[in-house]
Amino acid sequence: MTTTKQSLAIAATGLRKSFGDKTVLDGIDLQVPAGTVFALLGPNGAGKTTAVNILSTLISADAGQARIGGHDLVAEAQSVRAAIGVTGQFSAVDGLITGEENMLLMADLHHLSRQEGRRVAAELLERFDLTEAAKKPASTYSGGMKRRLDIAMTLVGGPRIIFLDEPTTGLDPRSRHTMWGIIRELVSGGTTVFLTTQYLEEADELADRIAVLNGGKLVAEGSAEELKRLIPGGHVRLRFTDPDAYRSAAAALREVTRDDEALTLQIPSDGSQRELRAVLDWLDSAGVEADELTVHTPDLDDVFFALTGPATGSVTGPTTVPAQSKETAR
């Protein structure tokens, strides 16, 4: 299905940005449907934060155009700012004042009345499970609590689009999972989330669509499952304890990789149900029984290293797969 301009929360074309003689963004295009999570991945220094800073009006692009929430990024910058919220890599929380005071400060910045500001602050503090800590100095909060407060402060103005620049960096696994729940809740309420992250698992869990940025260019884009299928390396692994069964299987199967010491065979496969059934049918018809069968498919780590590592293999140039809903991982 073709995405219409009306349904795009973010639409950018040809964004370029250089700092001195270093080109950070080299003409990238981005399209983010409203009410979805879009994840931008890339190694350190790839330009992820620069992209967020441009799209959130913090810095200007050298070239290119963008519309955020239907507003022109340059001509309607004030309208763009009214439609968005930004949570950067470094917390905007003031540790010298309480969590509640941080929230009320944001309410003042958004020109809410005293009564409305207190109502919004109380609702968000409760929503993010910070009511008990609201009267305590933010400096006493854990990393996860500070991150929750940071996002709560971002939501004071009711933004339709939120930029989260590596929101879970430095958090423990439990706090990261809590943050994932918050992001899912935001999207279920219709908010659009533009996420940059260094955690591939995070993008896999949350994103409807993922773009990989490397060397200032977008080198691939698609759902997590679509990106995984770009990378070869999927296989079915058969393990035997009976050497005779192992040798029979190795002799009959084509394109098999043998490990004679471990008595395992590796068969190239995309992990589909059809290919798995074919392997099982062959084993039945040959009267060969494997002691263990496992299916291995490339994950986002494989995709990331293939696209951004020193050796990018056969994956060259930008690769885009058609927009579609996020598939369930097998």
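Just so we're clear, the structure is a prediction, and the values are computed from it rather than from any experiment.

**Student:** Tell me what's going on with the pairing of strand β3 (residues 37-41), and back it up with residues and numbers.
**Tutor:** Most of β3 is tucked away, with five of its five residues classed as buried. Side chains Val 37, Ala 39 and Leu 41 project from β3 onto one buried face, and the interleaved Phe 38 and Leu 40 project onto a second face that is buried too. Pairing geometry for β3 and strand β9 (residues 209-214), over four bridges, is parallel. Bridge pairing in β9 places Phe 38 opposite Arg 209.

**Student:** Could you give me a rundown of the nonpolar core, with the residues and numbers involved?
**Tutor:** Ranked by size, the top nonpolar core spans 51 residues in total, and within it Val 37, Met 103, Leu 124, Phe 128, Leu 149 and Ile 210 carry the most contacts. Broken down by element, this core gets its largest block of residues, six residues, from helix α6 (residues 173-188). Sequence-distant contacts of Phe 128, that is, excluding residues within four places in its chain, are made with Arg 148, Ile 151, Ala 152, Leu 155 and Ile 182. In this structure, Ile 10, Leu 55, Ile 84 and Phe 194 belong to the second largest nonpolar core, which totals 28 residues.

**Student:** Describe the pairing of β9, listing the residues and the values that go with them.
**Tutor:** In terms of burial, β9 is largely enclosed, as five of its six residues are buried. Sheet topology places β9 next to strand β10 (residues 217-222); five bridges connect them, and they run antiparallel. Counterpart to Asn 214 in the pairing with β10 is Lys 217. Where β9 folds back onto β10 in an antiparallel hairpin, the turn is made up of two residues, including Gly 215, whose phi is positive at roughly 60°.

**Student:** Talk me through the packing of aromatic side chains; I want residue IDs and the actual numbers.
**Tutor:** Tallying each qualifying case throughout the model produces four aromatic pairs. Considering the side-chain rings of Phe 163 and Phe 194, the 5.4 Å spacing of their centres and the 50° angle between planes classify their relative orientation as tilted. With Phe 163 in strand β7 (residues 161-165) and Phe 194 in strand β8 (residues 192-196), this pair connects stretches of sequence that are 31 residues apart. One exposure class covers both Phe 163 and Phe 194, and it is buried. One aromatic cluster is present, formed by Phe 38, Phe 163 and Phe 194 through successive ring pairs. Here Arg 176 stacks its cationic end above the ring of Tyr 199, 4.1 Å away from the centre of that ring.

**Student:** Can you tell me about the side chain of Thr 197, naming the residues and giving the values?
**Tutor:** If you trace the backbone, Thr 197 turns up in the loop between β8 and α7 (200-206). For Thr 197, the side chain forms a polar contact with the main-chain nitrogen of Tyr 199, separated by 2.9 Å. One polar contact links Thr 197 to Glu 202, side chain to side chain, over a distance of 2.7 Å. Filtering out sequence-adjacent residues up to four positions away, Thr 197 remains in contact with Leu 40, Leu 41, Lys 48, Glu 166, Glu 202 and Ala 203.

**Student:** Residue-level account of the packing of helix α5 (residues 143-154) against α6, with values.
**Tutor:** Any two packed helices are characterised by how steeply their axes cross, that is the angle between the axes, and by the distance between the axes. α6 packs onto α5 with a crossing angle of 15° between their chain directions and a minimal axis gap of 10 Å. Put simply, α5 runs roughly parallel to α6. The way α5 lies across α6 gives a crossing that is right-handed. Contact residues: Gly 144, Arg 147, Arg 148 and Ile 151 in α5; Ser 175, Thr 178, Met 179, Ile 182 and Leu 186 in α6. The residue inventory of the contact of α5 with α6, partitioned by class, reads four nonpolar, three polar and two charged.

Conventions adopted
Residues numbered from 1 in each chain as written. Predicted model: local features only at pLDDT ≥ 70, side-chain atom pairs only at ≥ 80, totals over all residues. Heavy atoms only, no water. Buried < 20%, exposed > 50% of the residue type's maximum accessible area, 1.4 Å probe, protein only. Helix = DSSP H or I, 4+ residues; strand = E, 2+ residues; numbered from the N terminus. Pairing = 2+ DSSP bridges. Core = buried A, V, L, I, M, F, W, Y, C linked by side-chain atoms within 4.5 Å. Contact = heavy atoms within 4.5 Å. Phe/Tyr/Trp six-rings, centres within 6.5 Å; stacked < 30°, edge-to-face > 60°. Lys NZ or Arg CZ within 6 Å of the ring centre and 35° of its normal. Polar contact = N/O pair within 3.5 Å; in protein donor to acceptor, adjacent residues only side chain to side chain. Axes fitted to C-alpha atoms, helices over the stretch in contact; angles between N-to-C directions. Parallel < 35°, antiparallel > 145°, perpendicular 65-115°, else oblique. Left-handed = near helix turned anticlockwise from the far one by under 90°. Nonpolar A, V, L, I, M, F, W, Y, C, P; charged D, E, K, R; others polar.

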